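Structural description and commentary
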Amino acid sequence: MKFNDIRKSFLKFMEKNGHKIVPSASLIPNDPSLMFTVAGVVPFKKVLQGIEAAPAPRVADSQKCLRAGGKHNDLEDVGHNGRHHTFFEMLGNWSFGDYFKEGSIELSWELLTKELGIDPGRLIVSTHITDDESTEIWKKLTGKDAIRLDKDNWWAMGDTGPCGPCTEIFYDHGADIPGGLPGSADEDAGRYVEVWNNVFMQYDRQADGSLANLPKQNVDTGAGLERWAAMLQGVHDNYDTDLFVALRNAVSDVTGVTQTKENTPAFKIIADHLRAVGFTIADGVIPSNVERGYVVRRILRRAMRQGQVLGYKGALLSKLYPALCDQMGEAYPELITQSGRVVETIQREENAFAEMLTNGMKLLEKEILAMNGNVMSGEAAFKMYDTYGFPLDLTQQILRERGIGVDVPGFDAAMAQQKERSRSSQVFKGGMAEGDDPTGEKIKLHTATHLLDSALRKVLGESVFQKGSNITVERLRFDFSFDRKMALEEIAEVERLVNDAIKAEVDVVMEEMSVAEAKAAGAIGIFDDKYSEKVKVYTIGDFSKEICGGPHVGNTRELGSFKIQKEESCAAGVRRIKAAVG
């Protein structure tokens with residue numbers, strides 16, 4: 001059964017069993033605590049918290065996911081085993097106060113063993129050590145004794161709140177694959193691979209650690225489509241399934257390089273990164289040096305570097321993108337509708353990176369010749385970053401091919417010293433460095449800038465990020481990430497949203513809080529160590545919540561009115577707006 005057929009079969013089965021099929025949410029989550037959508041549960045988080053109504057009592061989907069940053073990071077493992085990806089699809093079925101443990105387990109077993117024809121003897125199940133109910137259901141339904149586990153089989157939204165036990169289903173790839181049963185010391189070796197996880201949210205953990213029963217019991221399941229494809233196609237490596245074979249063949253066609261055992265990791269990395277880059281840019285992320293944009297740029301450049309490992313120097317992902325559309329465009333039409341913009345964005349990044357790599361490699365070769373031993377100093381690695389924009393992992397990747405390591409603590413120390421020098425050289429006033437404005441006048445237009453930032457996100461998408469600003473007493477200049485000229489209708493809509501906030505006569509409220517509290521409150525900001533322990537968060541009604549040094553007006557009515565005077569390009573992938581109030 002092919003990759004796309006498996007997805008269709010899952011959704012068709014769930015629809016037949018009363019589930020509403022919903023489309024995948026964006027990879028850009030409506031959740032300030034997450035950079036990307038990392039699991040199928042993310043779009044339903046507010047439903048589980050009781051904040052939003054469920055779209056139906058029973059729901060099923062195939063959710064686009066990306067794990068390439070923060071604690072949800074599989075980036076370094078990609079290409080070196082057959083089970084890790086940056087981008088992946090998570091099949092899921094959900095019960096919001098409808099069926100619970102027995103119904104969920106019965107659906108899983110019927111789909112796997114009857115609908116898909118998996119040999120029941122190759123399926124192993126685990127339950128939480130306290131979950132006698134699920135254990136008995138499995139025994140009654142299948143005759144199987146579940147493996148009783150502790151921490152691996154418990155799900156929680158946080159230290160307090162909804163939580164509950166899980167039951168997981170594992171597929172046995174056979175005795176010729178090394179590895180032990182779930183819970184054993186060598187469980188990660190690969191023989192037994194988790195293919196489905198059913199989470200039963202039945203408790204509400206209190207502040208004192210006790211568990212109270214939830215008024216409504218929910219089921220949240222997740223199954224990796226890539227792992228299902230390997231299971232159903234009789235291969236152990238996800239990258240040997242039909243979709244990845246097609247993408248790897250496309251890499252061979254574009255580069256002219258034949259796949260061998262030695263270069264297989266490069267083919268896997270390129271195929272994986274093609275999906276990650278293509279889907280994120282299609283969802284509105286622009287490669288940049290901050291937040292989501294930085295992650296996408298890093299993944300794109302890692303793929304290009306693997307092309308060079310194969311001996312290929314030209315544009316890569318932009319030429320491979322049509323193959324991605326061929327394989328996944330039917331299920332995710334945004335790949336096709338956004339293809340022109342995606343390819344143009346990738347080409348721009350590839351051209352910039354090729355120039356950077358050419359110049360940077362000259363410096364790297366000099367640093368290698370100057371080395372004593374087989375470890376590059378942190379200072380030298382930082383020079384690569386500071387001068388040519390080589391992220392540390394790219395330098396490590398290139399040096400690893402030559403058996404050379406990097407002094408990472410030394411790199412971190414050099415980075416910290418540079419940031420300290422930067423902080424010492426700038427006295428912040430009004431949220432900007434002194435000297436940005438020759439008049440020294442900061443009082444803002446800061447409020448108008450916050451409203452403009454918020455309006456741009458609403459009109460152009462959440463991938464818009466502030467890239468810089470210059471504010472005087474008379475006008476503001478605002479730079480933001482976006483890859484095309486704004487339409488006149490978009491400019492008019494941004495103006496309208498800002499002026500609506502002004503007409504609403506909303507008080508501007510300032511609160512001091514920790515960076516963690518600001519994140520949790522949904523404040524916009526680039527969360528790095530430029531912030532002190534306490535930050536100022538300015539809230540403008542429902543229009544904006546942002547970290548800033550101020551100063552601001554007390555009420556939006558003081559701005560009078562807002563007018564965009566000019567919208568223009570100021571750098572690749574960056575637009576500039578000049579505006580005035582009054």
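On a predicted model such as this, the values are computed, not experimentally measured, just so you know. (Residues numbered from 1 in each chain as written. Predicted model: local features only at pLDDT ≥ 70, side-chain atom pairs only at ≥ 80, totals over all residues. Heavy atoms only, no water.)

1. Some details on the environment of Met-328
Test applied: Secondary structure elements are taken from DSSP: a helix is a run of H or I of four residues or more, a strand is a run of E of two residues or more, and numbering for both begins at the N terminus. Each residue is placed in one exposure class: buried if its accessible area under a 1.4 Å probe, protein chains only, is under 20% of its type's maximum, exposed if it is over 50%, and partly exposed if it falls in between. Between two residues, a contact is recorded if the distance between any of their heavy atoms is within 4.5 Å.
Note on placement: Met-328 falls in helix H9 (residues 317–328). The class for Met-328 is buried, based on a relative accessible area of 0%. Met-328 sits 79 residues away from Asn-249 along the chain, and the two C-alpha atoms are 15 Å apart. Sequence-distant contacts of Met-328, that is, excluding residues within four places in its chain, are made with Arg-7, Phe-87, Glu-89, Leu-243, Arg-275, Phe-279 and Leu-335.

2. Some points on the pattern of salt bridges
Our working rule: What makes a salt bridge here is a side-chain nitrogen of Lys or Arg within 4 Å of a carboxyl oxygen of Asp or Glu, nothing more.
Scanning all chains against the criterion turns up 29 salt bridges. A salt bridge links Lys-64 to Asp-283; its shortest N-O distance comes to 3.1 Å. Pair noted here: Lys-64 is in strand E2 (residues 58–66) and Asp-283 is in the loop between helix H7 (264–282) and helix H8 (291–309), with a separation of 219 residues, a long-range link. Residue Lys-64 is classed as buried on the basis of its relative accessible area of 3%. Exposure remark for Asp-283: the relative accessible area of 17% places this residue in the buried category. For Lys-578, the salt bridge is made with Glu-568, and the minimal N-O distance between the two is 3.8 Å. With Lys-578 in strand E22 (residues 574–581) and Glu-568 in strand E21 (residues 562–571), the pair connects residues that are ten residues apart, well separated along the chain. Look at the salt bridges and you will find they share partners, linking Lys-64, Asp-283 and Glu-334 into a network.

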